[in-house]
Amino acid sequence: MKRRLAARIAGTVLVTAGTVAALTVPATATAPTSVPVAGTLLEAMQRDLGLTEAQALDRLHLESAAQRTESTLRGALADAFGGAYFDSATGKLVVGVTDAARSEQVRAAGAEVRQVAFSAQQLTGVVDGLNAGKAQAPQSVTGWYTSNRQNAVVVTVKPGAAAEAAQFAQAAGAPDGAVKIVESQEQPKTLMDVVGGNAYYIGSGARCSVGFAVDGGFVSAGHCGGAGDTTTEPSGTFEGSSFPGDDYSYISVGDDDTPQPAVNNYQGGTQAVAGSSEAAEGASICRSGSTTGWHCGTVEAKNQSVQYEQGTVEGLTRTDVCAEPGDSGGSFISGDQAQGMTSGGSGDCSSGGTTYFQPVGEALSAYGVSLLTQ
């Protein structure tokens with residue numbers, strides 16, 4: 001069985017390009033004086049996703065409905081739920097089921113149905129198995145994540161090292177057919193560089209970006225600073241920080257600073273934050289950060305594990321939004337719903353790239369703080 005699995009995995013190899021890392025800006029770096037980015041959510045979606053204003057508005061409405069449908073069906077289908085993703089071509093949520101008898105239930109909810117081999121719970125178990133064996137992961141393996149569209153766990157590996165990735169998955173006990181290997185030149189790094197996306201400075205001047213305002217302060221990336229570290233602009237203290245493993249932190253601020261339920265759109269305005277409903281795979285998403293400002297793209301996958309030089313971070317969300325050093329910690333938002341804080345990625349905003357974010361809900365739960373909303 002293990003020999004067949006290794007052969008099956010090794011035979012499923014794709015190739016991508018890029019360099020992945022956590023994007024931090026050292027104390028000697030300064031924020032840019034001019035950021036040529038679109039000023040509003042709709043303008044950024046038009047620029048980065050190639051949409052008209054009407055198409056961008058329509059997509060936001062469809063994605064909002066898809067968020068609610070996915071949440072309902074995830075609970076209703078239970079063990080038969082095979083993951084879901086938003087299909088931008090049809091404007092519909094596609095829901096996988098492992099039991100064909102549940103298909104009509106999905107259609108009745110307004111979603112398209114697809115028969116799949118593995119449930120979302122099974123794929124999460126595969127990721128958990130890989131996470132448990134991360135200490136034995138070869139250096140050539142750069143990460144792994146669940147792809148609902150492929151109904152598989154994707155393991156990314158440096159070109160020419162697919163066999164090592166297959167052996168890693170085999171040792172983790174992945175079921176036959178549940179893992180796909182993707183060869184990639186990505187080398188993840190963190191993006192370190194009170195309104196989401198604004199710059200703040202740590203210690204002697206290293207720069208990161210604010211994630212989201214919470215009661216008493218804001219959340220950001222964990223790799224930006226450790227517990228007890230101080231910040232300026234705004235003045236604050238890291239009350240807690242988790243990295244690697246996770247990549248989130250909570251920074252408290254003084255009475256002179258007023259956290260606001262908004263994200264900087266870098267054109268003289270802000271995007272309101274109204275909640276934190278999770279966007280579906282395939283949905284549009286935008287990011288704000290103090291180096292590159294406001295950029296948009298799509299959610300590519302969830303439950304991504306990334307092997308940074310500092311260690312493995314689990315449970316990230318993968319996107320095709322660009323980012324650069326200094327953007328770390330900054331806001332990811334879908335419509336008016338907070339999604340998470342920039343962790344790391346590859347590429348840049350001239351050529352494009354891959355960027356990961358830490359889901360905001362984990363940070364809120366870890367520190368017992370509440371997201372500020374309008």
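In this text the structure is predicted, and so the values were computed from the model without any measurement.

I tried to follow the overall build of the chain on my own but got confused; where do I start?
Helix and strand counts for the chain come out as seven helices and 24 strands. Per-residue burial over the chain gives 56% buried out of 374 residues. On the chain, roughly 14,500 Å² of surface is accessible, and the fraction owed to carbon and sulfur atoms is 47%.

I tried to follow the pairing of strand S16 (residues 248–253) on my own but got confused; where do I start?
Moving residue by residue along a regular strand, the side chains alternate between the two faces of the sheet. For S16, the buried fraction is high: six of the six residues fall into the buried class. Burial along S16 is two-sided: the face carrying Tyr248, Tyr250 and Ser252 and the face carrying Ser249, Ile251 and Val253 are both buried. Note that strand S15 (residues 236–242) and S16 share six bridges and pair antiparallel. From the neighbouring strand, Thr237 faces S16, where its bridge partner is Ser252. Taking the residues between adjacent antiparallel strands as the criterion, S15 and S16 are bridged by five residues, where Gly245 takes a positive phi near 90°.

Any chance you could explain the sheet that holds strand S5 (residues 112–115) here in plain terms?
Sheet strands pair by backbone hydrogen bonding; their relative direction is either parallel or antiparallel. Across the sheet, which stays open at both edges, the three strands sit in the order S3-S4-S5 with mixed pairing between neighbours. Edge strands, defined here as strands with exactly one partner in the open sheet, are strand S3 (81–87) and S5. The mean inter-strand angle of the sheet, taken between neighbouring strand axes irrespective of direction, is 25°. Pairing of S3 with strand S4 (residues 92–97) involves five bridges; the strand directions are antiparallel. Across the sheet, Ala84 pairs through a bridge with Val95, a residue of S4. Contacting S3 and S4, helix H3 (residues 53–77) crosses the sheet at an angle of about 175° to S3.

Whenever I open this one, the packing of aromatic side chains confuses me. Can you help?
Within a pair of aromatic rings, the relevant descriptors are the distance that separates the centres and the angle that separates the planes. Here the structure, examined in full by the defined rule, presents seven aromatic pairs. With a centroid separation of 5.3 Å and 55° between ring planes, the pair formed by Trp144 and Phe168 is classed as tilted. One end of the pair, Trp144, is in strand S6 (residues 141–147); the other, Phe168, is in helix H6 (residues 162–171), and 24 residues separate them in sequence. Accessibility assignment for this pair places Trp144 and Phe168 in one class, buried. Linked through ring pairs, Tyr200, Phe218 and Phe238 together constitute an aromatic cluster.

Sorry if this is basic, but what is going on with the sheet that holds strand S10 (residues 199–202) here?
The seven strands are arranged S11-S10-S14-S15-S16-S13-S12 in an open sheet whose pairing can be described as antiparallel. Two strands lie at the open edges of the sheet, namely strand S11 (206–209) and strand S12 (212–214), each paired on one side alone. Put simply, the sheet's adjacent strands are angled 35° from each other on average, direction ignored. By the bridge criterion, two bridges tie S10 to strand S14 (residues 230–232) in an arrangement that is antiparallel. The partner of Ile202 across the bridge, within S14, is Thr231. Across the face of the sheet, helix H7 (residues 360–367) comes into contact with S12, strand S13 (217–220), S15 and S16 while running at roughly 60° to S16.

Can you help me understand unusual backbone geometry in this one?
Here the residue pair Glu233 and Pro234 is connected by a cis peptide bond, since its omega of 5° sits within 30 degrees of zero. Structurally, the position occupied by Pro234 is in the loop between S14 and S15. Each neighbour pair has its own omega, and for Phe243 with Pro244 the value is -10°, a cis peptide bond. At Asn151, a residue that is not glycine, the phi angle is positive and equals roughly 50°. Secondary-structure assignment places Asn151 in the loop between S6 and strand S7 (152–157). A relative accessible area of 8% means that Asn151 is categorised as buried. Backbone geometry places Glu233, a non-glycine residue, at a positive phi of 50°. Relative to the helices and strands, Glu233 is located in the loop between S14 and S15.

Please explain the packing of helix H2 (residues 41–49) against H3 as it appears in this structure.
In helix packing, the relevant descriptors are the interaxial angle and the interaxial distance, both defined with respect to the helix axes. Axis separation between H2 and H3 bottoms out at 9 Å; the angle between their running directions is 105°. Considering the angle they form, H2 stands roughly perpendicular to H3. Along its contact with H2, which presents Leu41, Leu42, Met45, Gln46 and Leu49, the element H3 presents Glu53, Ala56, Leu57, Arg59 and Leu60. Here the contact of H2 with H3 is built from residues that sort into seven nonpolar, one polar and two charged.

Reading the values: the criteria
Residues numbered from 1 in each chain as written. Predicted model: local features only at pLDDT ≥ 70, side-chain atom pairs only at ≥ 80, totals over all residues. Heavy atoms only, no water. Helix = DSSP H or I, 4+ residues; strand = E, 2+ residues; numbered from the N terminus. Buried < 20%, exposed > 50% of the residue type's maximum accessible area, 1.4 Å probe, protein only. Areas by Shrake-Rupley, 256 points an atom, 1.4 Å probe, with all protein chains shown as cover. Pairing = 2+ DSSP bridges. Axes fitted to C-alpha atoms, helices over the stretch in contact; angles between N-to-C directions. Contact = heavy atoms within 4.5 Å. Phe/Tyr/Trp six-rings, centres within 6.5 Å; stacked < 30°, edge-to-face > 60°. Parallel < 35°, antiparallel > 145°, perpendicular 65-115°, else oblique. Nonpolar A, V, L, I, M, F, W, Y, C, P; charged D, E, K, R; others polar.

Fair warning: the whole summary comes from geometry, so function is off the table for now.
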